[in-house]
Amino acid sequence: MVDGVGNMMIPVRCFTCGAVIGDKWEEFLRRVRAGEHPGKVLDDLGVKRYCCRRMLLSHADVIEDVIKFHELFEKRAR
Amino acid sequence: MERDKLRVRFVVKGVNTEFVNALRRAMLAEVPTMAIEDVVFFENSSILHDEIIAHRLALIPLKTDLDSYLLPEECGCGSELGCNRCRVILTLSVEAGDERRTVYSGDLSPDDPEVKPVYDNIPIVVLAPGQSLKLEAYARLGKGKDHAKWQPVSVCTHKYYPSVEVYSERCDLCGKCVEICPKRVLAVEEDSLKIVNLLNCTLCEDCVRACPKNPPAIRVSPVPEAFIFNIESTGSLPVDRIVEEAAKILEKKLSEFSQKLEELG
């Protein structure tokens, strides 16, 4: 999960309470990018506690950036 | 009192703190659930290391069938990776084509369709074009005291049942207690101070301190031998079943203990 550069991907569970949050990430991201208020989306998703809310709010999906290098390697190899 | 698919809140009366705490700890640490324990990687060209993927897989809650599976230490097979009665094999085989491909928990295919991931849309890893992930995961029953991945609950708490008394002859409805209450338990309605949200009271006594009267016109105290339980399941077991199993485990432990005591004479 934690991989030198920070959180590569959304953690499966909340670090503090252990509730599952990984399943909510993609909907959260989609709706926030569409312009909805993050707090409202979290309320909708049933993420009540602030420990779980910060997991989604403060996460940056680094894997999306790292994977670009691998796509370039792949192109070059061809 | 309040319930939905994953959460339940109920009141327990006529028991002491030690008992409710024992029940809480039994739920956290003793009720078994299914989780992935061993993973065999056949191919992993993704950018995450094997152990990170294994860790992510382990944290995915699996639907648990307590009636047809045994704890490995109670199973007679003695095999390192278990037998049909104490483990489930989940296989995962994903290859990215020409586009990026996210691997989800739903891509895991179990050999027993009853023991499948509770959520199908937990991202495990993103594969770049041409990368692939092939693995076999062995799930088994375990207890929360060995690893948090086997905990059936994320939240499992109890608190005292609150009692809030307002002495209306001293109260002049200044509203200071209504303002300071962090849980919005009180409200001024018409010409009296009303308790609108009793169960949310945390007994912090901020309202008592805020009251300008001396002695204060409000008093909060715990009701003796009454508790509010708040439980949230991870989805691997239904909440009712968790409470039931915890009670059974507690009973078994106690009868074992009294038997040992008798043996000692």
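Since the model is a prediction, treat every value here as computed from it, not as a measurement.

### Thoughts on the interface of chain A and chain B
Taken together, the 28 residues of chain A in the interface contact 31 residues of chain B. Together chain A and chain B conceal approximately 2600 Å² of surface at their shared face, both sides included; 57% is due to carbon and sulfur atoms. At the surface where chain A touches chain B, the tally comes to 3 salt bridges. A salt bridge links A:Arg49 to B:Glu232, with the shortest nitrogen-to-oxygen separation between them at 2.9 Å. On the surface where chain A and chain B come into contact, there are 7 residue pairs in polar contact (both at pLDDT 80 or more). Broken down by element, the residue count for the side of chain A that touches chain B peaks at 8 residues, all from helix α4 (residues 63-77) of chain A. The residue makeup of the side of chain A that touches chain B, split by class, is 13 nonpolar, 4 polar and 11 charged.

### Observations regarding the domain arrangement of chain B
Reports of interface size often rely on the accessible area that becomes lost once the parts have come together. We note that the domain assignment places domain 1 (2-28 + 154-231) and domain 2 (33-150) within chain B. Computed over C-alpha atoms, the centres of domain 1 of chain B and domain 2 of chain B are 43 Å apart.

### Considerations on the side chain of A:Arg31
Position of A:Arg31 relative to the elements: it lies in helix α1 (residues 25-33). Ignoring sequence-local partners within four residues, the contact set of A:Arg31 consists of A:Glu36, A:Val41 and A:Asp44.

### Thoughts on the sheet that holds strand β8 (residues 132-142) of chain B
Reading across from one edge, β3-β8-β4-β6 (chain B) is the order of the 4 strands in this open sheet, with antiparallel pairing throughout. Two strands in the sheet have a free side with no partner beyond their single neighbour: β3 (33-44) and β6 (109-110) of chain B.

### Side note on the packing of aromatic side chains
Under the defined criterion, the tally for this structure stands at 3 aromatic pairs over all chains. Where A:Trp25 meets A:Phe28, the ring centres are 6.1 Å apart and the plane angle is 35°; that geometry is what we call tilted. Separated by 3 residues within a single helix, A:Trp25 and A:Phe28 lie in helix α1, roughly one turn from each other. Here A:Trp25 matches A:Phe28 in class, with each residue buried. Between the aromatic rings of B:Tyr160 and B:Phe227, the centroid separation amounts to 5.6 Å while the plane-to-plane angle is 35°, which identifies the pairing as tilted. You can see B:Tyr160 sitting in strand β9 (residues 153-166) and its partner B:Phe227 sitting in strand β12 (residues 218-233), a full 67 residues away along the chain. Under the relative-accessibility criterion, B:Tyr160 is labelled partly exposed at 39%. Looking at B:Lys13, its charged tip hangs above the ring of B:Tyr161, at a distance of 5.5 Å from the centre.

### Notes on α1(A)
All names here are of chain A. Along α1, the residues classified as buried are Trp-25, Phe-28 and Arg-31. Down the axis of α1, the sector holding all buried residues measures 140°, keeping them to one side. Seen from the buried face of α1, the exposed residues on the opposite side, beyond 90 degrees, are Arg-30 and Arg-33. Among the structural elements, α2 (38-44) and α3 (50-57) are those in contact with the buried residues of α1.

### Digging into helix α2 (residues 50-58) of chain B
Three or more residues of α2(B) are buried, namely B:Ile52, B:Ile53, B:Arg56, B:Leu57 and B:Ala58. Residues of α2(B) that are buried in the fold lie against β3, β7 (123-127) and β8 of chain B.

### Quick word on the pattern of salt bridges
Scanning the model with the defined rule gives 27 salt bridges over all chains in all. B:Arg3 is the salt-bridge partner of B:Asp240, the closest N and O atoms lying 2.7 Å from each other. Of this pair, B:Asp240 sits in helix α5 (residues 239-264) while B:Arg3 is found in strand β1 (residues 2-3), placing the two residues 237 residues apart along the sequence. For B:Asp240, a relative accessible area of 43% translates into the label partly exposed. Bridged by salt links that share partners, the residues A:Glu27, A:Arg31, A:Glu36 and A:Asp44 form one connected network.

Rules of the game
- Residues numbered from 1 in each chain as written.
- Chains lettered and ligands numbered in written order.
- Predicted model: local features only at pLDDT ≥ 70, side-chain atom pairs only at ≥ 80, totals over all residues.
- Heavy atoms only, no water.
- Contact = heavy atoms within 4.5 Å.
- Buried area = accessible area lost by both parts, 1.4 Å probe.
- Salt bridge = Lys/Arg side-chain N within 4 Å of Asp/Glu carboxyl O.
- Polar contact = N/O pair within 3.5 Å; in protein donor to acceptor, adjacent residues only side chain to side chain.
- Helix = DSSP H or I, 4+ residues; strand = E, 2+ residues; numbered from the N terminus.
- Nonpolar A, V, L, I, M, F, W, Y, C, P; charged D, E, K, R; others polar.
- Domains from an automatic or database assignment.
- Pairing = 2+ DSSP bridges.
- Phe/Tyr/Trp six-rings, centres within 6.5 Å; stacked < 30°, edge-to-face > 60°.
- Buried < 20%, exposed > 50% of the residue type's maximum accessible area, 1.4 Å probe, protein only.
- Lys NZ or Arg CZ within 6 Å of the ring centre and 35° of its normal.
- Arc of directions from axis to C-beta.

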